[in-house]
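Observations on the model geometry
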Amino acid sequence: MKNRIFTYTVLLLVLCLAFSALSASGAETKKIVVGAKDFTEQYVLGNLMTLLLQENGFQVEEKFGTAAAIARAGLTSGQIDLMPDYTGTASAVYFKYPEKINDPVELYEKVKKDDLEQNNMVWMGRTTFNNTYDLAIKKDMIKTMGTSISSLSEYVNKDPEKVLFAVNHNFYEREKDGIFGMAEFYGMDILRKNVKAMDTGLTYDAIDRDQVDVAMVFGTDAKLRKFDLFVLEDDKKFFPIYNVSIVVRKDVLDKYPEIEEILLPITQLIDTDTMINLNYEVDGVGKPARMVAEEFLKEKGLIK
């Protein structure tokens with residue numbers, strides 16, 4: 001009888017210890033919500049964040065594919081813990097700075113300071129790639145038009161009648177920071193009749209089919225690789241800067257300070273060519289964004 005009581009007591013003790021261990025383990029589960037906007041680059045970046053966090057013991061919930069304003073609202077309201085965002089978006093939309101800041105480091109530092117002070121948001125690191133408006137030409141036209149927007153201006157001004165442009169509707173309609181504002185800034189004699197407005201993405205098809213000479217593009221678009229285009233240097237810094245940073249609520253970073261180091265490779269390793277290639281793997285090859293992110297991180301030795 002005593003032996004049986006002793007056995008039950010030992011068994012009960014073991015069960016209690018096991019339950020306590022499970023409870024403690026559950027209490028220590030690190031949960032985090034990663035957000036991303038509704039285009040390819042954001043899906044790739046969001047998946048990079050998810051995979052790195054999972055590799056380091058986080059349980060991740062994803063809220064991907066929302067419009068820019070909704071994603072930001074989710075972050076500030078606490079529905080999202082962190083997300084990739086752009087310094088140019090913060091400058092133009094969140095804070096509406098009256099003057100354009102042309103230095104990427106200065107812009108990042110200002111956005112970082114203002115968002116922390118006003119919204120308790122922390123901007124962790126900055127990519128070197130700039131996903132802003134650009135102008136592109138075919139590579140066989142480099143000798144004729146040059147490598148910069150200034151050299152393009154010289155070419156256009158020799159005979160404005162013969163140079164055709166393709167831009168999206170938004171860039172056409174924005175007087176100050178659109179195609180005609182850019183032309184005025186660079187002293188380029190663009191003829192309004194020679195600027196063709198079309199849906200975003202069709203500008204690439206137009207230049208590929210020789211329907212235009214110059215196309216409006218985005219700095220990290222996969223179609224730059226698909227159509228083998230050359231992006232002209234914005235040598236006078238007209239276009240706004242759209243570097244990516246990982247933005248996290250301060251209370252989340254205070255709780256999990258290790259996430260800054262975990263996610264550092266995203267801003268350190270991804271330059272313009274890398275981002276174009278990652279986007280191309282999705283849009284050009286047809287791979288899922290998660291697969292593309294996983295292959296990249298494995299290649300860099302950052303996940304198993």
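Here we summarise the structure given alongside this text. (Residues numbered from 1 in each chain as written. Predicted model: local features only at pLDDT ≥ 70, side-chain atom pairs only at ≥ 80, totals over all residues. Heavy atoms only, no water.)

A short note on the overall build of the protein chain
Applied cut-off: Where helices and strands are cited, they refer to DSSP runs of H or I of at least four residues and of E of at least two residues respectively, numbered from the N terminus. Note that the radius of gyration is over C-alpha atoms, with the globule rule given as 2.2 Å times the number of residues to the power 0.38. When accessible area is computed with a 1.4 Å probe and restricted to protein chains, residues below 20% of their type maximum are described as buried, those above 50% as exposed, and intermediate ones as partly exposed. Throughout, a contact is declared for two residues whenever any of their heavy atoms are within 4.5 Å. Calculation of accessible area relied on Shrake-Rupley with a 1.4 Å probe; when residues are assessed, cover is drawn exclusively from the protein chains displayed. None of His or the chain ends enter the tally, which takes Lys and Arg as positive and Asp and Glu as negative. A charge is said to be at NZ when it belongs to Lys, at CZ for Arg, at CG for Asp and at CD for Glu.
Counting secondary structure elements, the protein chain contains 15 helices and 10 strands. Since a compact globule built from 304 residues should have a radius of gyration of about 19 Å, the 25 Å found for the protein chain marks it as more spread out than a globular shape. Every one of the 304 residues in the protein chain was classed for burial, and the buried ones make up 46%. Summarising the internal contacts of the protein chain: among those between residues at least 6 apart in sequence, 75% fall at separations of at least 24. Surface exposure of the protein chain reaches about 15,600 Å², of which carbon and sulfur atoms provide 52%. Put simply, the protein chain has 37 plus and 47 minus side-chain charges, and the middle of one group is 5 Å from the middle of the other.

Let's talk about the pairing of strand E3 (residues 82-86)
Condition: By the convention used here, strands pair only if DSSP detects at least 2 bridges between them.
Most of E3 sits inside the fold, with 5 of its 5 residues counted as buried. On E3, burial covers both faces: Leu82, Pro84 and Tyr86 on one face and Met83 and Asp85 on the other are all buried. As judged from the 5 bridges shared by E3 and strand E10 (residues 244-249), these two strands associate in the antiparallel manner. Opposite aspartate 85, over in E10, you have serine 245 as the bridge partner.

Quick look at the layout of surface pockets
We count it as follows: Cavity: a set of points on a 1 Å grid over the protein atoms alone where a 1.4 Å probe fits but cannot get out. Pocket: an open set with protein on both sides within 12 Å along at least five of seven lines, its lining residues, like those of a cavity, having an atom within 4 Å of a point. Grid points are joined across faces, edges and corners, and a volume is the space filled by probe spheres set on the points.
In this structure, the largest pocket spans a volume of roughly 820 Å³. Gly88, Ala92, Arg174, Pro240 and Tyr242 are, among the 33 residues lining the largest pocket, the residues nearest its centre. Contributions of two or more residues to the lining of the largest pocket are made by helix H3 (68-77) and helix H4 (87-94). It is H4 that provides the largest number of residues to the lining of the largest pocket, a total of 6 residues. Empty space within the second largest pocket amounts to approximately 350 Å³. What lines the second largest pocket is a set of 16 residues, among which Asn130, Thr132, Asp234, Lys237 and Ile241 lie closest to the centre.

Quick notes on the nonpolar core
Heads up, the rule is: By convention a nonpolar core is built from buried Ala, Val, Leu, Ile, Met, Phe, Trp, Tyr and Cys residues, the set being connected through side-chain atoms within 4.5 Å.
Of all hydrophobic cores here, the largest spans 37 residues; its most connected members are Ile259 and Leu263. Looking at this core, the element that brings in the most residues is helix H2 (residues 40-55), giving 7 residues. For leucine 263, the contacting residues outside a window of four places in its chain are Met49, Leu52, Leu53, Leu82, Met124 and Ile246. Grouped together as the second largest cluster of nonpolar side chains are 25 residues, Tyr155, Ile179, Val195 and Phe239 included.

Details of helix H14 (residues 272-283)
Rules: Multiplying 1.5 Å by the helix residue count minus one yields the expected span of that helix.
For H14, with 12 residues, the first-to-last C-alpha span of 16 Å sits near the 16 Å given by 1.5 Å per residue. In this structure, the buried residues of H14 make contact with H2, helix H11 (223-226), helix H13 (259-269) and helix H15 (289-299).

Some details on the packing of H4 against helix H5 (residues 104-119)
The condition that has to hold: Axis definition: a line fitted to C-alpha atoms, limited for helices to the stretch in contact. Angles are taken between N-to-C directions and run from 0 to 180 degrees. For this classification, under 35 degrees means roughly parallel, over 145 means roughly antiparallel, 65 to 115 means roughly perpendicular, and everything else is oblique. Each crossing gets its hand from how the near helix is turned against the far one by less than a right angle, where anticlockwise is left-handed and clockwise is right-handed. Side-chain classes are defined by residue name, with Ala, Val, Leu, Ile, Met, Phe, Trp, Tyr, Cys and Pro counting as nonpolar, Asp, Glu, Lys and Arg as charged, and the others, Gly among them, as polar.
Orientation of H4 relative to H5, taken along the N-to-C sense of each, is 60°, at an axis distance of 9 Å. Between H4 and H5, the interaxial angle falls into the category oblique. As for how H4 packs across H5, the hand of that crossing is left-handed. Of the residues in H5, those in contact with Thr87, Gly88, Ala90 and Ser91 of H4 are Leu107, Tyr108 and Val111. Of the residues assigned to the contact of H4 with H5, the class counts are 4 nonpolar, 3 polar and no charged.

Limitation: the analysis is restricted to geometry and does not speak to function.
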